[in-house]
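Read off the chains here:
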Amino acid sequence: MKAFPWWTEEQKAFQKEVSEFTKTIAAREAVTRWTREFPKDIFEEIGRRGYIGAAIPKEYGGLGLGATGSCILADELNARMPGVGRIVVGNMNGGLRQIIEYGTEEQKKRFLPEIASGETGAVVITEMTAGTDAAGVSVTAKKEGDHYVLNGKKRFIVAAGVADRYFVYARTSDDPEDYRKRRHLSAFIIKKGTPGFTTEKINEILAFENIQNGSLDFDDVIVPEADRIGKEGEGWKIMMAGLNFERTNIAAGTVGWIRLVLNQCVPYAQRRVQFGKTTADMPSNQDKIANIVMRLNFLRNSVYYTALQWDQGEDITVEASSVKCMGVEMALKSAEEATQIMGGDGVNRFYPVQNIFEVSKTEHVAGGTVEACRMTVFRSAVKTMKEDLEMTRRIADPETGVPVPVFDEVEKKLPVSEENVLAVLAEDYRVNPALHMTIGDLQWYLDGTEEEIASASESLEASGDVMILRDKKSGKVKLVKATYAGLKKAYPKEHYRWFPEWITEDRKF
């Protein structure tokens, strides 16, 4: 795939180098998916080459290629090796950004060079009571002198049992107020072999043929205070700091998966003969291939632009969750269509399409469910796009009576009174019959404070002329709408009548 115009020469060279490297180990990786072997040797070679340090600053032993570099690595590896590529993405996110952003200088110098050289990592969040609800962590970390004692269990941990470094989130406070303000968690780094820290179970996960996933047990595990990342109680903030980076990298991996799917189904269709012609000549298959190409182009552009924004220091909360969610869904749909193109060979494991079909479905859950990503997009977008999402003021056009948008200020506002509040609500009914109005909407037309308008609205509610929706927490007036009785009181019914010009009198009643 061609480089983007904004890539540096180092990033362009990195893409070519990783792409060529994957050719040398793709066969070995494919074998390990059949033998169910964890390909430690491949991972160690990737580490020796320094690729894991793509996003680590050069002063800490990394390549200094930013999020763009780490996305290039995830993309290129997954384009030929869906198994190892998934591990590398997990390793890069095994506390990497959290250490860079919240670690002390001593911790950065101690941990980051090890990660850059290929130390296998794991992010440890999920529990019996914590998954999508990541705040529900119950593993405890009790402070005793200069160390913490951890107890509890974690589950669904990628690289469990084979990772060397585990970035663990544990509860350090049971205070309800700390929980409400998300100050109840802290983050720790625990190394493999720490007494009391063991693997409890290895899971059989869809498409994780050469990747381990399992449960972990913490039995009086002693962790030095020096291995706590950030301050006590900053765990939630640290966890969130890594999610945007992680989700962008997962999305980059899905770009690689779609590339791999395309590389399988197109040459296959060009060589598969049915009814005296290749299946690539069949319009239905051409449509499917076109769909896959379109998804690849849209997704690849979105992922690398998101990485660019990250590298420029912009907030990518909406973009990262968007590309992660759309990436896994596009990969799954592309694998589904490639399966149809390849027929029987699309549903056996002698081609990697079925592996992509499965792993993309698994990624609907891992790294934040697609539902959680959408929830993040909704919550963040409503805040960050506030100006773009403001309600457009609409009025009934004086000549035609149809709703039209207006953007100028109301020159002469009405004083606040019950009569005027009802009149505004009734007029809004003409253009927005199904909608309530906010206090802010009412202030377009009324010269008064929120409290004055709310008070008048509550008086109208008492007389049955308006209906009110109140804020669940504060009880304050949130939305107001005229009732049928209020509409009758505000204007005669002829005020609300409207018909298209082509409606004749005999068709009215």
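Our subject in this report is the structure included herewith. (Residues numbered from 1 in each chain as written. Predicted model: local features only at pLDDT ≥ 70, side-chain atom pairs only at ≥ 80, totals over all residues. Heavy atoms only, no water.)

**Describing helix H12 (residues 370–384)**
The end-to-end C-alpha separation of H12 is 20 Å, in line with the 21 Å expected for 15 residues at 1.5 Å each. Those residues of H12 not exposed but buried are Val370, Ala372, Cys373, Ser380 and Ala381. Projected down its long axis, H12 carries its buried residues within an arc of 155°, all on one side. Summarising the geometry of H12, the exposed residues directed more than 90 degrees from the buried face are Glu371, Phe378, Arg379 and Lys383. Tucked inside the fold, the buried residues of H12 contact helix H8 (235–271) and helix H10 (317–342). (Helix = DSSP H or I, 4+ residues; strand = E, 2+ residues; numbered from the N terminus. Expected span 1.5 Å × (residues − 1). Buried < 20%, exposed > 50% of the residue type's maximum accessible area, 1.4 Å probe, protein only. Arc of directions from axis to C-beta. Contact = heavy atoms within 4.5 Å.)

**So, unusual backbone geometry**
A positive phi is found at phenylalanine 156, a non-glycine position, where the angle reads about 55°. Mapping phenylalanine 156 onto the fold places it in strand S3 (residues 147–158). Of the residues examined, phenylalanine 156 reaches a relative accessible area of 39% and is grouped as partly exposed. The backbone of phenylalanine 275 shows a phi angle near 55°, a positive value even though the residue is not glycine. Within the secondary structure, phenylalanine 275 is located in the loop between strand S9 (273–274) and strand S10 (277–278). When its relative accessible area of 78% is taken as the criterion, phenylalanine 275 is described as exposed.

**A short note on the pairing of strand S16 (residues 466–470)**
Bridge analysis of S16 against strand S17 (residues 477–482) gives five bridges, and the strand direction is antiparallel. Residue leucine 469 lies in a different strand from S17, and its bridge partner there is leucine 479. Remark: six residues form the turn of the hairpin made by S16 and S17, two consecutive strands paired antiparallel; glycine 475 in that turn has positive phi of roughly 80°. (Pairing = 2+ DSSP bridges.)

**Some thoughts on a negative patch on the surface**
On the surface, a cluster of negative charge is made up of Asp447, Glu450, Glu451 and Glu452. For the negative patch, the element with the highest residue contribution is helix H15 (residues 450–462), accounting for three residues. Assignment of secondary structure puts glutamate 450 in helix H15. A relative accessible area of 48% means that glutamate 450 is categorised as partly exposed. (Patch = residues over 30% accessible without salt bridge, like charges linked within 9 Å, V, L, I, M, F, W, Y side chains within 5 Å. Areas by Shrake-Rupley, 256 points an atom, 1.4 Å probe, with all protein chains shown as cover. Salt bridge = Lys/Arg side-chain N within 4 Å of Asp/Glu carboxyl O. Lys, Arg positive; Asp, Glu negative; His and termini not counted. Charge placed at Lys NZ, Arg CZ, Asp CG, Glu CD.)

**A short note on the packing of aromatic side chains**
Inspection of the entire model under this criterion finds 17 aromatic pairs. Here the aromatic rings of tyrosine 148 and phenylalanine 188 are separated by 4.9 Å at their centres, their planes lie at 65°, and the arrangement is edge-to-face. Of this pair, tyrosine 148 sits in strand S3 while phenylalanine 188 sits in strand S5 (residues 185–191), and the two are 40 residues apart along the sequence. By relative accessible area, which is 0% here, tyrosine 148 ends up buried. Judged by centre distance (6.3 Å) and plane angle (80°), the ring pair of tryptophan 444 and tyrosine 445 falls under edge-to-face. Members of the aromatic cluster, joined through ring pairs, are Phe4, Trp6, Trp7, Tyr304 and Tyr305. Seen from the ring of phenylalanine 245, arginine 97 lies directly overhead, with NZ or CZ sitting 5.7 Å from the centre. It is arginine 182 that lies over the ring of tyrosine 179; its NZ or CZ is 5.1 Å from the centre. (Phe/Tyr/Trp six-rings, centres within 6.5 Å; stacked < 30°, edge-to-face > 60°. Lys NZ or Arg CZ within 6 Å of the ring centre and 35° of its normal.)

**Details of the side chain of glutamine 354**
Residue placement: glutamine 354 occurs in helix H11 (residues 353–362). With relative accessibility at 13%, the residue glutamine 354 sits in the buried group. Beyond its immediate stretch of four places on either side in the chain, glutamine 354 contacts Thr339, Gly346, Val347 and Asn348.

**Observations concerning helix H6 (residues 105–116)**
Here H6 contains twelve residues, and its C-alpha end-to-end distance of 16 Å stays within 8% of the 16 Å for a straight helix at 1.5 Å per residue. What H6 keeps buried is the set Gln107, Lys108, Phe111, Leu112, Ile115 and Ala116. On an axial view of H6, the arc spanned by its buried residues comes to 130°, and they lie on one face. A positive phi of about 110° marks glycine 118, the residue just after H6.

Remember that the coordinates give geometry; whether it matters functionally is a separate question.
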